[in-house]
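Per-entry structural report
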Amino acid sequence: MEFYQQGMRDLQDQYEGRAVADRLEKHRLRKAFNDDDRELIHAASFFFLATAGGNNVDCSFKGGAPGFVQIVSDTELVWPDYDGNRMYRSLGNIHASSRVGMLFLRVDGETFDGSAARLRVNGRATIDESPAAIAGVPGAKRIIRLHAEHIFPNCPRYIPKMDVIEPSVYSPGEGR
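Before going into details, it helps to say that this report is about the structure given with it. Everything quoted here is computed from the prediction, not taken from an experiment.

**Section: the nonpolar core**
I41, L77, W79, M102, F104, V121 and L146 are the most contacted members of the largest nonpolar core, which has 24 residues in total. Residue assignment for this core shows that the elements contributing at least two residues are α3 (35-43), β1 (46-53), β4 (76-81), α4 (89-96), β5 (99-105), β7 (118-128) and β8 (142-153). Ranked by residue count, the leading element in this core is β8, at four residues. Discounting residues that sit within four places of it in the chain, W79 has contacts with F47, L49, F68, V69, M102, R142, I143, I144 and L146. Formed by five residues, the second largest nonpolar core is a distinct cluster that contains F3, Y4, L29 and F152.

Structure (structure tokens):
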């Protein structure tokens, strides 16, 4: 998968952004997770998931207890799919097209803002419904596996300072 498609390149050229885009690709784009990525993802209690299947595009909030997303190799991460509203928009799109994008924002203590770490992970996802995959993962209906193709930081501009008041009472965990 190319990092920039032709439409992106056309606009980079039109608005004099190609040099910046090329520097990001050369110096900040990775194909494997590093230690900072592992720390941010392991501590995450949420991320945003973008999926598309045909003309159907969706962006969804995914949450759980910190550690619900696990990096299992240098290029693969997994997360549980819990019960939800039963529309299966994300899963349906993954079923139709494996391409997905993830956005992680670090919450430091109870606050995140533009100074906190942000990470994008783009790649291909698969749905694993095997009993072995969900064994020992409270509340999991299935596991989503993502093979990362592009790992890179997200721009901090326009991220407001926000406070987390309390975690969701619906986040699965031992005994609930």
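**Section: the packing of aromatic side chains**
Each pair of aromatic rings is reported with the distance of its centres and the angle of its planes. A full pass over the atoms with the stated rule returns eight aromatic pairs. Note on F3 and F152: the rings are 5.0 Å apart at their centroids and 90 degrees apart in plane angle, and the pair reads as edge-to-face. With F3 in the segment before α1 (6-14) and F152 in strand β8, this residue pair connects regions lying 149 residues apart in the sequence. Owing to a relative accessible area of 13%, F3 belongs among the buried residues under this scheme.

**Some details on α3**
Of the positions making up α3, those classed as buried are D37, L40 and I41. One side of α3 carries all its buried residues, which in axial view fall inside an arc of 95 degrees. Turning to α3, the residues buried within the fold contact β3 (70-73), β4, β5, β7 and β8. Sitting at the head of α3, N34 places a side-chain oxygen 3.0 Å from the backbone nitrogen of D36.

**A few points about unusual backbone geometry**
In this model, R86 sits at a positive phi of 65 degrees, which is unusual for a non-glycine residue. Looking at the element boundaries, R86 is found in the loop between β4 and α4. Positioned with a positive phi, Y88 is a non-glycine residue whose angle comes to about 55 degrees. Locating Y88 in the fold gives a position in the loop between β4 and α4. The exposure class of Y88 is partly exposed, given its relative accessible area of 45%.

Calculation rules
Residues numbered from 1 in each chain as written. Predicted model: local features only at pLDDT ≥ 70, side-chain atom pairs only at ≥ 80, totals over all residues. Heavy atoms only, no water. Core = buried A, V, L, I, M, F, W, Y, C linked by side-chain atoms within 4.5 Å. Buried < 20%, exposed > 50% of the residue type's maximum accessible area, 1.4 Å probe, protein only. Helix = DSSP H or I, 4+ residues; strand = E, 2+ residues; numbered from the N terminus. Contact = heavy atoms within 4.5 Å. Phe/Tyr/Trp six-rings, centres within 6.5 Å; stacked < 30°, edge-to-face > 60°. Arc of directions from axis to C-beta. Polar contact = N/O pair within 3.5 Å; in protein donor to acceptor, adjacent residues only side chain to side chain.

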